[in-house]
There are 2 protein chains.
Amino acid sequence: MEHRIDRIKKQLHAQSYKLTPQREATVRVLLEREEDHLSAEDVYLLVKEKSPEIGLATVYRTLELLSELKIVDKINFGDGVSRYDLRKEGAEHFHHHLVCIECGSVEEIIDDLLEDVERIVEKDWGFRVKDHRLTFHGVCKQCQDVAVKTK
Amino acid sequence: MEHRIDRIKKQLHAQSYKLTPQREATVRVLLEREEDHLSAEDVYLLVKEKSPEIGLATVYRTLELLSELKIVDKINFGDGVSRYDLRKEGAEHFHHHLVCIECGSVEEIIDDLLEDVERIVEKDWGFRVKDHRLTFHGVCKQCQDVAVKTK
DNA sequence: TGTTTTATTGATAAGAATTATTATATTATA
DNA sequence: TATAATATAATAATTCTTATCAATAAAACA
Ligand SMILES: [Zn+2]
Ligand SMILES: [Zn+2]
Ligand SMILES: [Zn+2]
Ligand SMILES: [Zn+2]
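Quick caveat, the model's predicted, so the values are computed rather than measured.

A. Quick peek at the relation of the copies chain B and chain A. Superposition record for chain B on chain A: RMSD 0.1 Å, screw rotation 179°, translation along axis 0.0 Å. The operation mapping one copy onto its partner corresponds to a two-fold rotation axis. Across chain B, the rotation axis passes nearest the C-alpha of Leu134(B), at a separation of 2.2 Å. When the interface residues of chain B are mapped onto chain A, 100% of them are again interface residues, pointing to one common binding face.

B. Expanded view of the protein's contact with DNA strand D. In the region of DNA strand D, 18 residues are neighbours, and Thr20(A), Gln22(A), Thr58(A), Tyr60(B) and Ser82(B) sit closest. Each atom of DNA strand D within 4 Å of the protein was classed as base or backbone; sugar and phosphate made up 74%. At a separation of 3.3 Å, a phosphate oxygen of DNA strand D approaches a polar backbone atom of Gly55(A). Take Thr58(A): an N or O atom from its side chain is 2.3 Å from a phosphate oxygen of DNA strand D. Counting residues per element, the ones that place at least two in the surface near DNA strand D are helix H2 (21–32) and helix H4 (56–68) of chain A together with helix H4 (56–68) of chain B.

C. Region of interest: the protein's contact with DNA strand C. As a matter of local geometry, DNA strand C sits amid 16 residues, with Tyr60(A), Thr20(B), Gln22(B), Thr58(B) and Arg61(B) nearest to it. Of all atoms in DNA strand C that approach within 4 Å of the protein, 68% are sugar or phosphate atoms. Here Ser82(A) contributes a backbone N or O atom positioned 3.0 Å from a phosphate oxygen of DNA strand C. In the environment of DNA strand C, a sugar or linking oxygen lies 3.0 Å from a nitrogen or oxygen atom belonging to the side chain of Gln22(B). Elements represented by at least two residues in the surface near DNA strand C include exactly H4 of chain A together with helix H2 (21–32) and H4 of chain B. Here the residues of the surface near DNA strand C are counted per class, giving five nonpolar, six polar and five charged.

D. Expanded view of the sheet that holds strand S5 (residues 106–109) of chain A. One open sheet holds the six strands; their spatial order is S5(A)-S4(A)-S6(A)-S6(B)-S4(B)-S5(B), and the pairing between them is mixed. If you trace the sheet from one side to the other, it starts and ends with S5 of chain A together with strand S5 (106–109) of chain B, each paired once. Neighbour-to-neighbour, the strand axes of the sheet open up by a mean angle of 20°, direction not taken into account. Summarising the sheet, strand S4 (residues 96–100) of chain B and strand S6 (residues 128–139) of chain B pair through four bridges and their orientation is parallel. Directly across from His97(B), in S6(B), lies its bridge partner Thr135(B). The sheet contacts of helix H5 (residues 115–125) of chain A involve strand S6 (128–139) of chain A together with S4, S5 and S6 of chain B, and relative to S6(A) the element is tilted by about 130°.

E. View of the coordination of the zinc ion (ligand 3). Residue and element names in this part refer to chain B. Around the zinc ion (ligand 3), the donor atoms from the protein are Cys100 (SG), Cys103 (SG), Cys140 (SG) and Cys143 (SG), and they sit 2.3 to 2.4 Å away. Each of the four donor atoms bound to the zinc ion (ligand 3) contributes to angles spanning 105 to 115°, and the resulting shape is tetrahedral. Spacing between the donor residues of the zinc ion (ligand 3) along the chain follows C-x2-C-x36-C-x2-C. Taken together, the residues span a long stretch of sequence, with Cys103 in the loop between S4 and S5 and Cys140 in the loop between S6 and helix H6 (141–149) at a distance of 37 residues.

The rules we used
- Residues numbered from 1 in each chain as written.
- Chains lettered and ligands numbered in written order.
- Predicted model: local features only at pLDDT ≥ 70, side-chain atom pairs only at ≥ 80, totals over all residues.
- Heavy atoms only, no water.
- Least-squares fit on C-alpha atoms with pLDDT ≥ 70 in both.
- Contact = heavy atoms within 4.5 Å.
- Near = heavy atom within 4 Å.
- Polar contact = N/O pair within 3.5 Å; in protein donor to acceptor, adjacent residues only side chain to side chain.
- Helix = DSSP H or I, 4+ residues; strand = E, 2+ residues; numbered from the N terminus.
- Nonpolar A, V, L, I, M, F, W, Y, C, P; charged D, E, K, R; others polar.
- Pairing = 2+ DSSP bridges.
- Axes fitted to C-alpha atoms, helices over the stretch in contact; angles between N-to-C directions.
- Donors = N, O, S within 2.8 Å, 3.2 Å for Na, K, Ca; no water.
- Tetrahedral: all angles 85-135°; square planar, octahedral: opposite > 155°, others 65-115°.

This is how it looks when you write it as structure tokens:
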């Protein structure tokens with residue numbers, strides 16, 4: 001945890017930004033809830049628990065800043081709110097998501113899986129790939145099991 | 001064009017919806033601008049040119065309906081607005097997009113490309129894939145060429 | 001055909017998410 | 001320490017989307 005905070009602090013300093021207490025509180029929430037996919041509002045409420053004086057706009061600004069620095073990725077699962085997802089340590093690319101259309105759960109896939117596809121895109125479309133967003137919509141394991149049982 | 005309107009009409013009828021003049025006008029705009037990725041507002045303004053009496057809410061309602069029937073797919077490129085994209089005729093899955101971070105252009109990839117990846121996801125994660133969203137962010141051919149020339 | 005339902009629409013109000021503004025506070029610099 | 005540059009909290013404003021509702025049009029019925 002502290003190690004990752006330090007790294008992020010350095011990334012900010014490298015662009016001459018400071019890790020203010022508000023920014024640190026925000027980053028800590030993101031680290032503590034790394035598996036989740038929190039909206040700005042979610043982050044705000046969680047930060048508020050420990051730093052009640054923080055303002056919503058500061059959270060938005062911080063998330064925006066972290067996005068620009070590629071410390072977090074902003075995603076949208078189609079429900080009208082942006083969600084913020086920490087990059088995995090040392091990850092070159094953004095990870096993938098499995099969104100269940102039954103229960104709404106979101107699983108993560110860290111494996112790249114797209115090397116071949118990106119090679120094709122670069123070769124056949126002449127497009128230089130810098131990043132990607134891949135989300136599968138379908139039915140998760142648990143919901144499939146429930147469906148079998150209740151048949 | 002008329003052929004595709006007919007097909008869509010049948011798809012609506014199959015769910016006991018009617019192809020009202022307003023809905024038809026909306027669908028025509030989507031067909032005419034199939035290469036583009038229009039927001040609800042964009043569609044509204046284009047429909048208004050030919051059917052000035054249409055209301056914005058009707059356009060939203062129509063796009064929502066077409067989404068439910070999988071006639072259009074709703075996508076979000078991270079700029080805060082939803083965009084609506086007609087499914088290609090007979091396409092099983094949604095197509096992919098190449099978004100240029102330099103000029104903002106959006107190219108489409110109709111080829112599936114994800115068969116292998118989906119097989120892995122189904123096998124290793126036990127997730128039954130129903131649909132996907134895949135967007136690559138990077139530099140398009142034109143912008144690469146410009147970069148070379150201006151060097 | 002005339003009457004009753006039902007579905008759809010347009011106008012607009014309401015809601016939710018995000019961004020802009022501004023006065024204040026904090027930090028860095030000379 | 002005085003001065004300038006950054007960052008913040010509170011909140012107003014904006015943007016996008018959805019909900020409401022009366023009016024209209026279409027369909028079902030008698
Ligand atoms: Zn599920
Ligand atoms: Zn994630
Ligand atoms: Zn480009
Ligand atoms: Zn498209």
